[in-house]
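# Coordinate analysis (summary)
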Amino acid sequence: MRALRRSVRIAVIAGAAALMAVTGMATSAQAAEGTFFYTRADTGRETLLGSTPTGPCIAIPGGARQATNDTDTDARLYTNSSCTSSSRFLGSRQSDEYAAPFPTYVKFG
């Protein structure tokens, strides 16, 4: 009986470890690792952008007068919500300053 319990416990632990490994790989492939922060054009306050998933167009509340892309993924900054206006490139681990019209959206990847 003890051997059966031990075998079941080992199988459960191995399955959980495999699930965590697969889930971890999927998450890291879908998000820029690191931090994106900017100085708001409207208030002058430094603000941290929360989630940085790759692909979707993400709002930059207040617009960016200055931005720092301290992630492992290149980004493009835009002035419209569909991320189709003329873009400004901001490479991984780079900072830049902007003039009006200030970028109000960012897209990673």
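The paragraphs below set out a description of the structure included in this document. A quick note: this is a predicted structure, and the numbers were derived from the prediction, not measured.

Reading the values: the criteria
Throughout, residues of each chain are indexed from 1 in the direction in which the sequence is written. Predicted model: local features are reported for residues with pLDDT of at least 70 only, side-chain atom pairs are reported and counted for 80 or more only, and whole-chain, interface and lining totals are derived from all residues. Excluded from the side-chain calculations are hydrogens and water; all other atoms, namely the structure's heavy atoms, are used. What makes two strands pair is DSSP finding at least two bridges between them. Put simply, DSSP marks the helices as runs of H or I at least four residues long and the strands as runs of E at least two long, and each gets a number from the N terminus on. All axes are obtained by fitting lines to C-alpha atoms, using only the stretch in contact for helices, and the reported angles, taken between N-to-C directions, cover 0 to 180 degrees. Two rings belonging to Phe, Tyr or Trp (six-membered ring only in the last case) form a pair when the distance between their centres is within 6.5 Å. Interplanar angles under 30 degrees mark stacking, angles over 60 mark edge-to-face geometry, and anything in between is tilted. Burial classification: accessible surface area is computed with a 1.4 Å probe over protein chains only, and a residue below 20% of its type maximum counts as buried, one above 50% as exposed, and the rest as partly exposed. We call two residues in contact whenever any of their non-hydrogen atoms come within 4.5 Å of each other. Salt bridges are identified by distance alone: a Lys or Arg side-chain nitrogen within 4 Å of an Asp or Glu carboxyl oxygen. Only buried residues count toward a nonpolar core, which is a set of Ala, Val, Leu, Ile, Met, Phe, Trp, Tyr and Cys residues joined through side-chain atoms within 4.5 Å. By disulfide we mean two sulfur atoms from cysteines, separated by a distance within 2.5 Å.

### Digging into the sheet that holds strand S2 (residues 46-49)
Judged by pairing direction, the sheet is antiparallel, and its four strands sit side by side in the order S2-S1-S4-S7 without closing on themselves. Edge strands, defined here as strands with exactly one partner in the open sheet, are S2 and strand S7 (94-97). On average, each strand axis in the sheet is tilted by 15° relative to the strand beside it, whichever way the strands run. As paired elements, strand S4 (residues 64-71) and S7 share four bridges and run antiparallel to each other. Along S7, the bridge assignment pairs glutamine 66 with glutamate 97.

### Here's the deal with the packing of aromatic side chains
Taken as a whole, this structure holds one aromatic pair when the rule is applied. Judged by centre distance (5.6 Å) and plane angle (90°), the ring pair of phenylalanine 36 and phenylalanine 108 falls under edge-to-face. Of this pair, phenylalanine 36 sits in strand S1 (residues 34-40) while phenylalanine 108 sits in strand S8 (residues 105-108), and the two are 72 residues apart along the sequence. Here the two residues phenylalanine 36 and phenylalanine 108 agree in accessibility, since each one is buried.

### Section: the environment of threonine 39
Counting through the fold element by element, threonine 39 comes out in strand S1. Beyond its immediate chain neighbours, meaning those up to four positions away, threonine 39 contacts Gly44, Arg45, Glu46, Gly63, Ala64, Arg65 and Gln66.

### Points about the environment of arginine 65
For arginine 65, the location among the structural elements is in strand S4. Along the backbone, arginine 65 and tyrosine 38 are 27 residues apart, and their C-alpha atoms lie at a distance of 7.3 Å. Excluding residues within four positions of it along the chain, arginine 65 makes contact with Thr39, Arg40, Ala41, Gly44, Asp96, Glu97, Tyr98 and Phe102.

### Looking at the pattern of salt bridges
Following the criterion strictly, the structure yields two salt bridges and no others. Notably, a salt bridge pairs arginine 40 with aspartate 42, separated by 2.8 Å at the nearest N-O pair. Of the charged contacts in the structure, one is a salt bridge between arginine 93 and aspartate 70, with a shortest N-O distance of 3.2 Å. Separated by 23 residues along the polypeptide, arginine 93 in the loop between strand S6 (88-90) and S7 and aspartate 70 in strand S4 bring together distant segments of the chain.

### A few points about the nonpolar core
Ranked by internal contacts, the top residues of the largest apolar core, which has 14 residues, are Phe36, Ile60, Ala67, Leu77, Val106 and Phe108. For this core, the secondary structure elements donating two or more residues are S1, S4, strand S5 (75-78) and S8.

### Focus: the pairing of S5
Regular strands show a simple pattern: their side chains alternate between the two faces of the sheet. Bridge analysis of S5 against S6 gives three bridges, and the strand direction is antiparallel. Looking at S6, one finds that leucine 77 is bridged to arginine 88. Relative to S8, S5 runs antiparallel, the two sharing four bridges. Bridging across to S8, leucine 77 finds its partner in valine 106.

### A look at the state of the cysteines
For the coordinates displayed, the defined rule picks out one disulfide. For cysteine 57, the disulfide goes to cysteine 83, at an S-S distance of 1.8 Å. With the S-S bond torsion at 80°, the cross-link from cysteine 57 to cysteine 83 turns out right-handed. In this pair, cysteine 57 is assigned in the loop between S2 and strand S3 (58-59) and cysteine 83 in the loop between S5 and S6, connecting sequence segments 26 residues apart. Taking the relative accessible area as the measure of exposure, cysteine 57 reaches 26% and is therefore partly exposed. Owing to a relative accessible area of 7%, cysteine 83 belongs among the buried residues under this scheme.

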